[in-house]
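Now for the letters of each chain:
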Amino acid sequence: MPLGKLDSKSVEEKWAKVWREEGAHAFDAGSGKLFYVIDTPPPFPTGEFHMGGVLNWCYIDFVARYKRLRGFEVLFPQGWDCHGFPTEVKVEEKYGRLPRNEFVEKCVEWTRDVISTMRPQMNQMGFSIDWAREYYTIAPEYHEAVQYSLLKMFDEGLVYRGNHVVLWCPKCESAIAKAETDEFHRETVLNYVWFGKDKELLVATTRPEMLHACVGVFVHPSDERFKDFIGKEVEVPLLKKKVRIMSDAAVDKEFGTGAVMVCTFGDSQDVLWAHRHSLPVIDAFNERGELINAGNYSGLSVKEAREKIVVDLKADGRLEKRESLQQMVKVHDRCKSPVELMRSSQWFVKTKEFKQEILEAAASIKWTPEHMFQKFRDWTENLEWDWCISRQRMFGIPLPFWYCGECGKVYAAREKDLPVNPAIDEPPVKECACGGKLVGETSICDGWIDSSITPLIVAGWPHDFDERLYPGALRSQGTDIIRTWAFYTIFRCMKLAGEVPFKEVLVNGMVCGEDGKKMSKSLNNYVEAKDVLEKVGVDALRQWAALAGSTGKDNQFRWKDVNYAQSFIRKLWNASRFVEKASEGYSPGDEEYRVVDRWLESRLNQTIERVSKAMESNDFYAALTELHSFFWHDYCDNYLEDVKYRVYGGDAQDRKGAQATLVKALKAVLEMVSPFAPFTASEVYSKLFGGRIMEWPENGFVDDKALLLGKALHDALSLVRQQKADKNLALNAPLDEVSVELPMDLVDEFADVSDDLKAVSKAETITVNAGQSAEVKVIIR
RNA sequence: GGACCCGGAGUCGGUUGGUAAGAUGCUUCCUUUACACGGAAGAGACACGGAGUUCGAUUCUCCGCGGGUCCACCA
């Protein structure tokens, strides 16, 4: 069956089926080849595969397919990071509030449905995933592995329960993660309040209702106005208590009066100061947002208290002035009510004391692009607290711990009982050593606890740990989750396996819309993969990932890139049709090669070398543009025209030389383009040459003389065309004579290509003269 | 506010210490047995501003301006 007309859809369907049936992407641990293990991101199941995912997975697939052609046994696994708040929201929207177990079941059901819509999209994109290696964080084995990892870290003293500050929604009465907050800009009032018995110090605050929790006043260390205040005590208005005046460089001298009261809660800067200066902690309100420890004001809501206190301050003559102020407050994304900081008992993993160790480990990994390591370093060096790993939610992996209701002693689950759910399961011992009753932890793990052991999971840890698969070769991920996924994975895997989890990190940038801003639904610059696939083929979309920019840069989505990629596919297809026809009846042997053939092959070999080098350094942009340029310009524009006269006429040996060269170069191009455009490449290859693309081409000779002569020939041809165009002649219009003027040293050798010039320019005769300049000149008649 | 990335033809953009690929758009020509979703030819930028290093910078350093990403966010 000849190639016929290009029909991307049927080509795509055909090859997706072939690969599935042949198990083309299955990892075979017994193949005897060198392993190449990729730690791929487990996406959160949202329903649609967006362009960010397309970019990330295309990168992974470029590498995976390239490495296979290079003879590696590639493991391309796929996981799903299932637990998470968005699913809880979706399920609650659909079913309302349900009992815990039932609710979690619905979450699992919803997740499975969503995954089953996403998996086909990934197959459609041609990602060469070994689905036999699929994993889910909701699976009991995964729960077991995560809980086991926490037991191990607990044994080493890395996990502890402590009283700490968390983001809290008073309306929902729940701790929330920072990622669950929205920004809300509003106008508020900045109150200038006199501190001290005799109005000694003027402090500006937007939260006068927090006075009762005030534990200090801060000024900037170099602020002359307050030089004499530092270290002294001052009385808090309305309340009888005194607090110390201290200095901290984080104070903004320009804001308000330059003096700021610190309330241990109120905002995160307060919390940070309290922590940094070891200030006492006063709980300011309860779970419902009512003031506590506030004397007469206790029991009032934040809003009521604020109004009342302002009135009282005024009555007391303590309120100097009030001015309006634009501020941003964090609100809970679900209920839109302002979020408070509250102290509560949570679980933590020690990270702060391992900064140096983590940095050294991360530095031993190769980062592409290199500056992404800088991001990692900045984050790590600036860590202020340990990692809070507990969440008061339902859909997640339970923390495998109990604690004594009396003395607080922690009891970890027994390994043999895993996975456990302390909310309902029996504790490992009847009662605490102190005789107290054990309380099962009802909190679940932060999702990053789940996903930060993927390199271990891929290697079968803990029960079927295959050390040949760990550490892996490559981690691929987005720049936005360096400080989370990369950070936590490197840290946790180091602690659990004693070795960095991968040798190389490949970071892709963010996908931006055509307006240059990060793609998001709210900005209305959002494009989904399926929108693109309605217009062009998968191979075009895949090429966009390489063409959108160099590795690690933010990538703008542009229809023109996609369209260009599509026209390349069309070009590849049509040129292949030509080669198919031109090489009909060709059998190897007796080829007579001309200089143009050596020229093309030299260019091919240069291209192979350059593309290989680019692929080795994950520079997909360079690899693909190099290929495009060779194929489109050297192969199609020039060489195909050069040899038409030989394949249509010419003597048998001469024809064979052209045919052999056409075929050899096309074959190599198909091999090199197959990581980017596997569907088209596979179809053409199998039709023309039979079988599958199995190897990467080897580069051979580069004949400098042929390169020079080829260039002279094409320069001359270009001039001929130019002059034909000037004379409004068709390109195939016959000419009486083409007279060429060449640099001295080329004159003799030009005889090797003058027949080509004659045939391609359709000239009756060619005359060659030596010129003075290095340029080729042409006159046609 | 901090860190990082970026700032070049109308638009987008790779590389490079020695005056700048390619794509797209534009102009003109060509139905030539792979391709008109094509082919050929052509016009178009002296590389954000300033200072410095250098024989020489678009490429290196610093400052400023502008854009992006991540983080922080003002009591």
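Right above here is the structure, for reference.
Being a predicted model, the structure only gives us computed values, none of them experimental.

(A) Layout of the overall build of chain A. Looking only at helices and strands, chain A has 21 helices and 28 strands in total. Since a compact globule built from 781 residues should have a radius of gyration of about 28 Å, the 35 Å found for chain A marks it as more spread out than a globular shape. In terms of overall dimensions, chain A has a C-alpha envelope of 110 × 60 × 45 Å along the principal axes. When the 781 residues of chain A are sorted by exposure, 55% land in the buried category. Here chain A has roughly 34500 Å² of accessible surface; of this, 49% comes from carbon and sulfur atoms. The centroid of the 101 positive side-chain charges in chain A is displaced by 3 Å from the centroid of its 120 negative side-chain charges.

(B) Region of interest: helix H14 (residues 538-547). Counted residue by residue, H14 has ten buried out of ten residues, so it is predominantly covered. Here H14 has its buried residues at Val538, Asp539, Ala540, Leu541, Arg542, Gln543, Trp544, Ala545, Ala546 and Leu547. With its phi angle positive at about 155°, Gly549 sits one or two positions after the end of H14.

(C) Structural context of the side chain of Asp386. Considering the arrangement of structural elements, one finds Asp386 in the loop between helix H9 (371-381) and strand S16 (387-388). One buried charged residue, Asp386, forms no salt bridge at all, with the nearest opposite charge on Lys352 at 6.8 Å. From its side chain, Asp386 meets the backbone nitrogen of Lys352 in a polar contact 3.0 Å long. With near-sequence residues (within four places) excluded, Asp386 lies in contact with Tyr160, Phe348, Val349, Lys350, Thr351 and Lys352.

(D) Geometry of the environment of Phe85. Here Phe85 lies in helix H3 (residues 85-95). Between the C-alpha atoms of Phe85 and Phe395, which are 310 residues apart in sequence, the distance is 7.5 Å.

(E) Geometry of the nonpolar core. Ranked by internal contacts, the top residues of the largest apolar core, which has 191 residues, are Met51, Trp367, Phe376, Trp544, Tyr635 and Leu662. With 13 residues, the single largest contributor to this core is helix H17 (residues 620-648). In this structure, Phe376 is in contact with Ile358, Leu359, Ala362, Trp367, Ile482, Ala486, Phe487 and Ile490, ignoring residues within four places of it in sequence. Core analysis: the next-biggest nonpolar cluster, separate from the first, contains 42 residues, Val166, Trp168, Val217 and Val310 among them.

(F) Region of interest: the packing of aromatic side chains. By the definition in use, this model includes 34 aromatic pairs. Relative to Phe491, the ring of Phe354 has its centre 5.8 Å away and its plane inclined at 35°; by these criteria the two rings are tilted. Separated by 137 residues along the polypeptide, Phe354 in the loop between strand S14 (340-349) and helix H8 (355-363) and Phe491 in helix H12 (residues 482-497) bring together distant segments of the chain. Relative to Tyr635, the ring of Phe631 lies with its centre 5.2 Å away and its plane at 20°, an arrangement referred to as stacked. Note that Phe631 and Tyr635 are positioned in helix H17 at a spacing of four residues, about one turn of the helix. Judged by relative accessible area, Phe631 falls into the buried class, the value being 0%. The class for Tyr635 is buried, based on a relative accessible area of 0%.

(G) View of the pairing of strand S11 (residues 242-247). Of the strand pairs in this sheet, strand S9 (residues 216-219) and S11 are connected by four bridges, and their pairing is parallel. Bridge pairing in S11 places Val217 opposite Ile245. In this antiparallel pair of consecutive strands, strand S10 (residues 233-235) and S11, the connection spans six residues, and Leu238 shows a positive phi of 70°.

(H) Expanded view of the packing of H17 against helix H21 (residues 751-761). The contact between H17 and H21 brings their axes to 9 Å, and the two run at 90°. The pairing of H17 with H21 is recorded here as roughly perpendicular in orientation. Here Glu641, Asp642, Tyr645 and Arg646 of H17 lie close against H21, whose contacting residues are Asp755, Asp756, Ala759 and Val760. Looking at the contact of H17 with H21 residue by residue, the class counts come to three nonpolar, no polar and five charged.

(I) Structural context of H12. Among the 16 residues of H12, 14 are classified as buried, and the element is accordingly described as predominantly covered. After H12 finishes, the residue Gly498 shows a positive phi value of roughly 75°.

(J) Representation of the sheet that holds strand S12 (residues 259-262) within the structure. Spatial strand order, S10-S11-S9-S12: four strands in an open sheet with mixed pairing. Each edge of the open sheet carries a strand with a single partner, namely S10 and S12. The mean angle between the axes of side-by-side strands here comes to 35°, regardless of whether they run parallel or antiparallel.

(K) Just the layout of surface pockets, in detail. Here the second largest pocket is characterised by a volume of approximately 590 Å³. Taken together, 24 residues form the lining of the second largest pocket, with Ala24, His25, Arg68, Ile693 and Met694 sitting closest to its centre. Of the residues assigned to the lining of the second largest pocket, the class counts are eleven nonpolar, six polar and seven charged.

What counts, and where the lines are drawn
Residues numbered from 1 in each chain as written. Chains lettered and ligands numbered in written order. Predicted model: local features only at pLDDT ≥ 70, side-chain atom pairs only at ≥ 80, totals over all residues. Heavy atoms only, no water. Helix = DSSP H or I, 4+ residues; strand = E, 2+ residues; numbered from the N terminus. Rg over C-alpha atoms; globule rule 2.2 N^0.38 Å. Buried < 20%, exposed > 50% of the residue type's maximum accessible area, 1.4 Å probe, protein only. Areas by Shrake-Rupley, 256 points an atom, 1.4 Å probe, with all protein chains shown as cover. Lys, Arg positive; Asp, Glu negative; His and termini not counted. Charge placed at Lys NZ, Arg CZ, Asp CG, Glu CD. Salt bridge = Lys/Arg side-chain N within 4 Å of Asp/Glu carboxyl O. Polar contact = N/O pair within 3.5 Å; in protein donor to acceptor, adjacent residues only side chain to side chain. Contact = heavy atoms within 4.5 Å. Core = buried A, V, L, I, M, F, W, Y, C linked by side-chain atoms within 4.5 Å. Phe/Tyr/Trp six-rings, centres within 6.5 Å; stacked < 30°, edge-to-face > 60°. Pairing = 2+ DSSP bridges. Axes fitted to C-alpha atoms, helices over the stretch in contact; angles between N-to-C directions. Parallel < 35°, antiparallel > 145°, perpendicular 65-115°, else oblique. Nonpolar A, V, L, I, M, F, W, Y, C, P; charged D, E, K, R; others polar. 1 Å grid on protein atoms, 1.4 Å probe; cavity = no way out; pocket = protein on both sides within 12 Å on 5 of 7 lines; lining within 4 Å. Points joined across faces, edges and corners; volume = space filled by probe spheres on them.

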